[in-house]
Amino acid sequence: MIKVHLVAADGAETTLDVKPTGSLMEAAVAKNVEGIAADCGGLLTCATCHVYVREPFAGRLPPPSGDELGMLEFTAAPQRPNSRLSCQIALAADLDGLTVDLPATQY
Ligand code: FES
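Residues numbered from 1 in each chain as written. Predicted model: local features only at pLDDT ≥ 70, side-chain atom pairs only at ≥ 80, totals over all residues. Heavy atoms only, no water.

Undergrad: It is not clear to me how the pattern of salt bridges should be interpreted in this structure. Could you clarify?
TA: A pair can form between side chains of opposite charge whenever their charged atoms are brought close. Across all of its chains, the model carries three salt bridges by this definition. Here aspartate 17 and lysine 3 are joined by a salt bridge, their closest N and O atoms 2.8 Å apart. Placement of the pair is aspartate 17 in strand β2 (residues 13–18) and lysine 3 in strand β1 (residues 2–7), with a sequence separation of 14 residues. (Salt bridge = Lys/Arg side-chain N within 4 Å of Asp/Glu carboxyl O. Helix = DSSP H or I, 4+ residues; strand = E, 2+ residues; numbered from the N terminus.)

What follows is the structure, encoded as structure tokens:
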């Protein structure tokens, strides 16, 4: 199991103990974390699973695919250099402690 931390826009933090498989979006939705809408279920067509990944993890993730970069243009909240779509973040053992900030809105 690894721990991942999701910090809401108001500062409230949710910590999940999850298996290092699947995506961050799937883990968050399974635990009913508010702030990850994921309307498309991970098909990379909605941009409502937007997160801001904190260092050092942002630099450890594989770079976004062209499709992810394209969908990041459609996030409701402003895009930042560390913006990612959580359905594209594959959980792995080396992401233990992964911390992401949630945007104020996904719509
Ligand atoms: S869940 Fe729709 S783009 Fe990530």
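Undergrad: I'm lost on the side chain of histidine 5 in this one. Help?
TA: Take histidine 5: it is sitting in strand β1. A relative accessible area of 17% places histidine 5 in the buried class. One polar contact links histidine 5 to glutamate 13, side chain to side chain, over a distance of 3.1 Å. Apart from the residues within four sequence positions on either side, histidine 5 is in contact with Glu13, Thr14, Thr15, Gly97, Leu98, Thr99 and Val100. (Buried < 20%, exposed > 50% of the residue type's maximum accessible area, 1.4 Å probe, protein only. Polar contact = N/O pair within 3.5 Å; in protein donor to acceptor, adjacent residues only side chain to side chain. Contact = heavy atoms within 4.5 Å.)

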